[in-house]
Amino acid sequence: MDESTVNHLIASNFRNPVMTDIISDPHLMYEIVRRGLPFTEKDFHTVWDPAIFDSAWKYFQDGRKVVEQRLENGEVELNLIVETTKENVDRVSELNFPNIHHVDNLRGNMGIADQRAYMVYLFHQKSDLPDQTLFSNNPDLVKRQVGLFNKLWEISIPLSVRIRELDRSDQPKYQRMINNIYEFKDELDYIVDQSRKELLIFSSLRSLNQLFMNNNNFGKIQSAQKRGVSIKILTDETDQVFSKQISELNSQNGENPIKYGFGKSLCCFNEMVVLTDEKQVLQTKHQQDGKIFALSSNEEHTVLVQEVLFEKYWNEIQSLGDSKRLIPLTPNTTRQYYCVII
């Protein structure tokens, strides 16, 4: 890519000429990005793996300031995915970008401007500058990159959740008593948001209705489904409203349905317990006069005890269920998923 082509691309805001090319000079690559930043019309969709994050931090501070100013002025939007680790969390926190998300073990990067042109930065050696950069404004290729970005965004978690997770990783015996409903809701949001593999909820329906039944929580459950989190919910009884909500979530994500069971084995169970990834538990003790008493912990024994209890109740319901007691949770769809009533 020669200088005249670069000038033509920037003058047309990356519309013309339509091309896919390799840039071998990393300084030219950064120059193209710098010159193009003021002309981006709508949004940036960006993925930074550790290699390009370190490189951009070293060589792109001036470009970062341009982006921050345009964001502050409300001229553009930015969605950034970056792998945030203990080693770079302080630097990531310094970025004055409102929409930063984290993905584990991120391998790969991209920068998309206005969903019209993109770059991918290739590091062949241990260098702080890309060895090559792929540029394309081919509509079909850009569309594929946007689709890939959207999939990564769906499985990502907000930066605030990741920072909290890193803080707690330094506290292997974290325990916190909660008696404020707002603190409880904040802790519940955190536990659901940071789930990666498994989310277990067992609760009295009464507690679930009081503490969980709102659009915010169901939105977070839906996000967890999209991330591929295995979700099981177990209650002492059910009603049409809750069953319908679970059914609707499953109809929207048939590839990863919520498994839902309820039965008499949870009789007189007045708590709500939320477990995630075999490492975190949030357990309500009781409520009184509008106050809540709950425990949040990552202490290994505390988590294990609640996991054993969940499996005990879940297996009892599964073993006592039969085909006559299965209730479809996704009516009017080709595939059906069931809960068990005993």
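Scroll up for the structure.
Residues numbered from 1 in each chain as written. Predicted model: local features only at pLDDT ≥ 70, side-chain atom pairs only at ≥ 80, totals over all residues. Heavy atoms only, no water.

1. Thoughts on the overall build of the protein chain
Within the protein chain, the secondary structure is distributed over 12 helices and 17 strands. With the C-alpha coordinates aligned to their principal axes, the bounding extent of the protein chain is approximately 75 × 45 × 40 Å. In the protein chain, buried positions account for 49% of the 342 residues. Partitioning the contacts of the protein chain with sequence separation of at least 6, the portion at a separation of at least 24 is 72%. For the protein chain, the accessible area works out to roughly 17,400 Å², and carbon and sulfur atoms hold 49% of it. Counting 39 positive and 48 negative side-chain charges, the protein chain places the averaged centre of each group 4 Å from the other. (Helix = DSSP H or I, 4+ residues; strand = E, 2+ residues; numbered from the N terminus. Buried < 20%, exposed > 50% of the residue type's maximum accessible area, 1.4 Å probe, protein only. Contact = heavy atoms within 4.5 Å. Areas by Shrake-Rupley, 256 points an atom, 1.4 Å probe, with all protein chains shown as cover. Lys, Arg positive; Asp, Glu negative; His and termini not counted. Charge placed at Lys NZ, Arg CZ, Asp CG, Glu CD.)

2. Remarks on the pairing of strand β7 (residues 132-136)
The side chains of a regular strand alternate between the sheet's two faces. Of the pairings in the sheet, the one linking strand β1 (residues 20-23) to β7 comprises four bridges and is antiparallel in character. Bridging from a neighbouring strand, D21 pairs with F135 of β7. Summarising the sheet, strand β6 (residues 117-122) and β7 pair through five bridges and their orientation is antiparallel. Considered in β7, the bridge of Y118 is made with S136. (Pairing = 2+ DSSP bridges.)

3. Section: the pattern of salt bridges
Summed over the entire model, instances satisfying the criterion amount to 19 salt bridges. A salt bridge links R91 to D54, with the nearest nitrogen and oxygen atoms 3.1 Å apart. A residue pair is termed long-range when its members are at least 10 positions apart, and R91 in helix α5 (residues 89-94) and D54 in helix α3 (residues 50-59) qualify at 37 residues. Members of the salt-bridge network, linked through shared partners, are R164, R168, R176, E183, D186 and E187. (Salt bridge = Lys/Arg side-chain N within 4 Å of Asp/Glu carboxyl O.)

4. A short note on the environment of S93
Within the fold, S93 resides in helix α5. Judged by relative accessible area, S93 falls into the partly exposed class, the value being 40%. As a C-alpha pair, S93 and K285 span 192 residues in sequence and 35 Å in three-dimensional space.

5. What to know about the packing of helix α10 (residues 215-226) against helix α11 (residues 240-252)
Contact geometry for α10 and α11: axes closest at 10 Å, N-to-C directions at 35 degrees. Handedness of the crossing formed by α10 with α11: right-handed. Along its contact with α10, which presents F218, I221, Q222 and Q225, the element α11 presents F242, Q245, I246, L249, N250 and Q252. Of the residues in the contact of α10 with α11, the class split is five nonpolar, five polar and no charged. (Axes fitted to C-alpha atoms, helices over the stretch in contact; angles between N-to-C directions. Left-handed = near helix turned anticlockwise from the far one by under 90°. Nonpolar A, V, L, I, M, F, W, Y, C, P; charged D, E, K, R; others polar.)

6. Observations concerning the nonpolar core
With 33 residues, the main nonpolar core has W48, F97, I100, M119 and F135 as its most contacted residues. Broken down by secondary-structure element, the contributors of at least two residues to this core are α1 (3-11), α2 (26-36), β2 (43-48), α3, α4 (61-72), β3 (77-82) and β6. No other element matches the four residues that α2 contributes to this core. Apart from the residues within four sequence positions on either side, I100 is in contact with L80, V82, V92, L95, P158 and L159. (Core = buried A, V, L, I, M, F, W, Y, C linked by side-chain atoms within 4.5 Å.)

7. Re the pairing of strand β12 (residues 259-262)
In the sheet, strand β11 (residues 230-235) pairs with β12 via four bridges, with the strands oriented parallel. Counted as the bridge partner of K232 is K259 from β12. Note that the unit made of β11, α11 and β12 has a crossover that is right-handed. (Right-handed = clockwise from strand over helix to strand, strands pointing away.)

8. Brief notes about the sheet that holds β1
Taken in spatial order, the eight strands make up an open sheet running β1-β7-β6-β5-β2-β3-β4-β8, and their pairing is mixed. The sheet terminates laterally at β1 and β8 (157-158), the two strands that pair on one side only. Note: β2 against β3, six bridges, orientation parallel. Residue pairing in the sheet places T46 in a bridge with L80 of β3. Its contacts with the sheet place α2 against β1, β6 and β7, and it is angled at close to 150 degrees to β6.

9. Overview of helix α8 (residues 181-193)
In a regular helix each residue adds 1.5 Å, so 13 residues correspond to 18 Å; α8 covers 18 Å between its end C-alpha atoms and thus fits that length. At the N-terminal end of α8, a side-chain oxygen is found 2.7 Å from the backbone nitrogen of Y182, two or three residues along, and the residue is N180. (Expected span 1.5 Å × (residues − 1). Polar contact = N/O pair within 3.5 Å; in protein donor to acceptor, adjacent residues only side chain to side chain.)

10. Considering α2
Two residues of an α-helix separated by three or four positions point the same way, owing to the 3.6 residues in each turn. All of the buried residues in α2 are P26, M29, Y30, I32, V33 and G36. The buried side chains of α2 occupy one side of the element, clustering within an arc of 155 degrees when seen end-on. Tucked inside the fold, the buried residues of α2 contact α1, β1, α3, β6 and β7. You can read the cap of α2 off the contacts: a side-chain oxygen lies 2.9 Å from the backbone nitrogen of H27, and it is on D25. (Arc of directions from axis to C-beta.)

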